[in-house]
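Remarks on the overall topology
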Amino acid sequence: MGEKRMSFSGSIGFVLAAAGSAVGLGNLWRFPYLAAKDGGGLFLVVYLILAVTFGFTMMVSEIAIGRKTKQSALTAYGRLHQKSGWIGAVATVVPFLIMPYYCVIGGWVLKYAVTFVTGQAEAACQPEYFNQFISAPVEPLVLTVIFLAFVAAVIFLGVNKGIETISKVLMPILLVCVVGIAVFSMTVQGDKHSGWEGMKVYLVPDLSGMGFQDVFRILLDAMGQLFYSISVAMGIMVTYGSYFRDENNLVKSVNRIEIFDTIVAFLAGVMIVPSVYAFLGEEGLQQAGPGLMFQALPKVFVAMGPVGNFVGAAFFIMVFFAALTSAISIMEVVVASVMDRFGWKRVKSSVFETLAALVIGVVICMGYNVLSFSLPLPNGTNAQLLDLFDYVSNNILMPVVALGTCILIGWIVKPGTVIDEATKNGETFQRRRVYVVMVKFIAPLMLLLLLMVSLGIIR
C-alpha cells in the first residue's frame, strides 16, 4: 500500500515551493541571453504578454489537474480521461531525463561557488579553466554526486519537512541575493561601457532591421523560455497541484507564482546584462548557456577588482540555491509518480530515482571525456550527451506534453473542468475568456509551430 498523500500546509508554502521550482538555471542563464539577443525590451514585452496568457493557461491547467485527481503526473492524466494516460507518461519521462544532467550542471555551479569562496577567481576566468574542469575524469563526478545528495536528502524528508521547509528558507535568501546583485550590476563601470548603458541594451527595444521572421523567432524564443521559467509540461505543477489543498485559492496562487517568477527572471537580466555589457560588450552577451555563466561572468567578476570576488561568490551561491530548489521539484515528480503508480513507500521510490539519476549522470559526465561525440540535431546545432538530453526533453517532449494537455482540456474534457476546479470554493476566475481562447485555439497553434521548429520542419 502507498503512503497517505501529504499536502502543503497552506498557499504560501505551495507558492514558495512552486516558485522555487520555476526559479532555476533557465531563468538565471537563459533568460538574460535571450533578452540580449532578441532586441532587449522587445523580448521582455513579448515574454510578459505570453506569461499572462500562455503561461497562466498552462499553469492553471496543470495545477487543477493535479488537485482534482490528487495524483502525480504519471497517473493524473489517465484519471482525468482514460485515453490520455500517455500525456502523463511523457510528462514523467521529461523530468527523468532532465534530473541527471541538471545534477551535472548543479555540480558545475558548486565548483564555481567553491572557487570564488576560496578566492581563486583569477583561475576561473582563464579560457581553458571551464573545459579542463568538465573534461576531468573525477571532479565533475564527485560534485554531481554531492549535488544529487543534497536534492535526495530533501526528497527523503517529504513534502512538508523537506520541500516546503527548504523552499521557505531558500527562496527569501535567493530573492535578497538577486536584488542585491542586480542593484550592484547597474552601478558598475567597465572598460567598455557602464552598467547603465547595459540597462538600456536590456530594456530599450531594438527594432533595427527587424522583419516578420525576426519577430516570429522572438515569439518562439519567449514561449520556449516560459517552459523553463514556470516549470510547465514536465509534470511538476501537476504533482505540486496534487499536494495543494482544496480550500486554498488556486487562481490567486498562480498569480503569485507568475509575479514572483517574472520578477526574478527580469532581475536575472538586470544582474547579468548590464555588468557583462560593461566589461565585455556585445560579444560577451552573445554567449549562451554555460558560456555565459561559466566563462563570461567569471571574467566580469575578476574585472570588478577586489569586490568582484565577493560578488562572484554571492552570485554562484545564489545560483546553487536556485538550482537546488528546481532539482528538488524535478526529482519529486518521478518519486511521486512511482509512489502513485506502484504504491511504493517514499524511501523506496527516492532510492530508485536517486540511483537512476546517479547512473545516467555519470554517463553524461563521461560525455565530456571518454564518451565525447558530436551529433547533428534537426535545429542545425551539434550536440554531445548533455545537449542531446536537453534537446529531447525541452525541445520535443515538453511541447508534446503541453500540446496534449491543451487538446485534452480544450476539446476532450472541456475548459469547464479546470474552471470548475479553480472556482470550487466560490472564487472568481478573472481571465476566464482569455483562458478558454488560449487553451482551445491559440496555445495549441503556438505549440505546434514551436514543435515544428524544434524538429527542423520550419526554419
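Summary of the structure given here. Source: prediction; values computed, not measured.

1. Brief notes about the overall build of the protein chain
Each helix and strand counted, the protein chain has 19 helices and two strands in total. Here the C-alpha atoms of the protein chain give a radius of gyration of 21 Å, agreeing with the 23 Å that 2.2 N^0.38 yields for 459 residues. For the protein chain, the C-alpha atoms occupy an extent of roughly 60 × 50 × 40 Å along the three principal directions. By residue count, 59% of the 459 residues in the protein chain fall in the buried class. Taking the intrachain contacts of the protein chain between residues at least 6 apart in sequence as the baseline, contacts between residues at least 24 apart amount to 81%. In the structure as shown, the protein chain presents an accessible area of about 17,400 Å², 67% of it carried by carbon and sulfur atoms. Across the protein chain, the 30 positively charged side chains and the 26 negatively charged ones have centroids separated by 12 Å.

2. Examining the nonpolar core
One finds F54, W108, Y240, M271 and F315 to be the most contacted residues of the largest nonpolar core, which totals 170 residues. In terms of residue count, the dominant contributor to this core is helix 15 (residues 306-342) (19 residues). When sequence neighbours within four positions are dropped, the list of residues in contact with W108 reads F130, F133, I134, P290, F294, Y368 and L386.

3. Comments concerning the environment of V437
Within the element layout of this structure, V437 appears in helix 19 (residues 432-454). Judged by its relative accessible area of 39%, V437 falls in the partly exposed class.

4. What to know about the packing of helix 14 (residues 290-303) against helix 15
At a minimum axis separation of 9 Å, helix 14 and helix 15 run at an interaxial angle of 150 degrees. The orientation of helix 14 with respect to helix 15, classified from their angle, is roughly antiparallel. Only G308, N309, V311, G312, F315, F316 and V319 of helix 15 make contact with helix 14, whose side of the interface consists of M293, F294, L297 and F301. For the contact of helix 14 with helix 15, a count of residues per class yields eight nonpolar, three polar and no charged.

5. Observations regarding the state of the cysteines
Cysteine pairs can be covalently joined through their sulfur atoms, and such a bond is termed a disulfide. Under the definition given, this model contains zero disulfides. For C103, which is in no disulfide, the shortest distance to another cysteine sulfur is to C365 and amounts to 9.7 Å.

6. Digging into the pattern of salt bridges
Think of it this way: side chains of opposite charge can pair up when their charged atoms draw near. This structure, assessed with the given rule, holds 12 salt bridges. A salt bridge links R217 to D38, with the shortest nitrogen-to-oxygen separation between them at 3.1 Å. One end of the pair, R217, is in helix 11 (residues 212-230); the other, D38, is in the loop between helix 2 (25-37) and helix 3 (41-69), with 179 residues separating them in the sequence. Owing to a relative accessible area of 30%, R217 belongs among the partly exposed residues under this scheme. Overall, the relative accessible area of 0% leaves D38 in the buried class.

7. Description of helix 11
Helix length check: helix 11 (19 residues) gives 27 Å between terminal C-alpha atoms against 27 Å at 1.5 Å per residue, within 8%. Just downstream of helix 11, S231 is the residue with a positive phi angle, here 60 degrees.

8. Overview of the packing of aromatic side chains
Evaluated as defined, the whole model comprises 32 aromatic pairs. Between F320 and F321, the ring centres sit 6.4 Å apart and the planes meet at 55 degrees, which makes this aromatic pair tilted. Take F320: its relative accessible area is 9%, and that puts it in the buried class. Aromatic rings pair up to connect W108, Y112, F116, Y129, F130, F294, F301, F315, F316 and Y368 into one cluster. The aromatic ring of W344 is capped on one face by K348, whose charged end is 4.3 Å from the ring centroid.

9. Points about the packing of helix 2 against helix 13 (residues 250-285)
Interaxial distance between helix 2 and helix 13 falls to 8 Å at its minimum, and their mutual angle equals 60 degrees. Regarding the angle of helix 2 to helix 13, the classification is oblique. Here helix 2 and helix 13 pass one another in a crossing that is right-handed. Note on element contacts: helix 13 touches helix 2 through D261, V264, A265, F266, A268, G269, M271, I272, V273 and L285, opposite N27, L28, F31, P32, Y33 and A36. The class makeup of the residues in the contact of helix 2 with helix 13 is 13 nonpolar, two polar and one charged.

10. Notes on the side chain of S337
Looking at where S337 falls in the secondary structure, it is placed in helix 15. Residue classification places S337 among the buried positions, given a relative accessible area of 1%. Other than its neighbours up to four places away in sequence, S337 contacts S72, A73, L74 and T92.

11. Considering helix 18 (residues 415-422)
Across the eight residues of helix 18, six count as buried, placing the element largely inside the fold. Within the sequence span of helix 18, burial applies to P415, T417, V418, I419, E421 and A422. Buried residues along helix 18 sit in contact with helix 3, helix 4 (73-80), helix 13, helix 17 (385-412) and helix 19.

12. Description of a nonpolar patch on the surface
Nonpolar side chains collect at one region of the surface, where I407, W411, I412, V437, F441 and I442 lie side by side and expose about 520 Å² of accessible area between them. Where the nonpolar patch is concerned, the elements lending two or more residues are helix 17 and helix 19.

13. Concerning unusual backbone geometry
Even without being a glycine, K70 presents a positive backbone phi close to 55 degrees. For K70, a relative accessible area of 30% corresponds to the partly exposed category. Non-glycine residue S231 carries a positive phi angle of around 60 degrees. Inspection of the secondary structure assignment puts S231 in the loop between helix 11 and helix 12 (236-242).

14. A few points about the side chain of Q71
Tracing the chain through its elements places Q71 in the loop between helix 3 and helix 4. One polar contact links Q71 to T75, side chain to side chain, over a distance of 2.7 Å. Excluding its chain neighbours within four sequence positions, the residues that come into contact with Q71 are R5, G66, A76, R79, V238, S242 and D340.

Procedures and definitions
- Residues numbered from 1 in each chain as written.
- Predicted model: local features only at pLDDT ≥ 70, side-chain atom pairs only at ≥ 80, totals over all residues.
- Heavy atoms only, no water.
- Helix = DSSP H or I, 4+ residues; strand = E, 2+ residues; numbered from the N terminus.
- Rg over C-alpha atoms; globule rule 2.2 N^0.38 Å.
- Buried < 20%, exposed > 50% of the residue type's maximum accessible area, 1.4 Å probe, protein only.
- Contact = heavy atoms within 4.5 Å.
- Areas by Shrake-Rupley, 256 points an atom, 1.4 Å probe, with all protein chains shown as cover.
- Lys, Arg positive; Asp, Glu negative; His and termini not counted.
- Charge placed at Lys NZ, Arg CZ, Asp CG, Glu CD.
- Core = buried A, V, L, I, M, F, W, Y, C linked by side-chain atoms within 4.5 Å.
- Axes fitted to C-alpha atoms, helices over the stretch in contact; angles between N-to-C directions.
- Parallel < 35°, antiparallel > 145°, perpendicular 65-115°, else oblique.
- Nonpolar A, V, L, I, M, F, W, Y, C, P; charged D, E, K, R; others polar.
- Disulfide = S-S within 2.5 Å.
- Salt bridge = Lys/Arg side-chain N within 4 Å of Asp/Glu carboxyl O.
- Expected span 1.5 Å × (residues − 1).
- Phe/Tyr/Trp six-rings, centres within 6.5 Å; stacked < 30°, edge-to-face > 60°.
- Lys NZ or Arg CZ within 6 Å of the ring centre and 35° of its normal.
- Left-handed = near helix turned anticlockwise from the far one by under 90°.
- Patch = residues over 30% accessible without salt bridge, like charges linked within 9 Å, V, L, I, M, F, W, Y side chains within 5 Å.
- Polar contact = N/O pair within 3.5 Å; in protein donor to acceptor, adjacent residues only side chain to side chain.

Keep in mind these numbers describe shape, not what the thing actually does.
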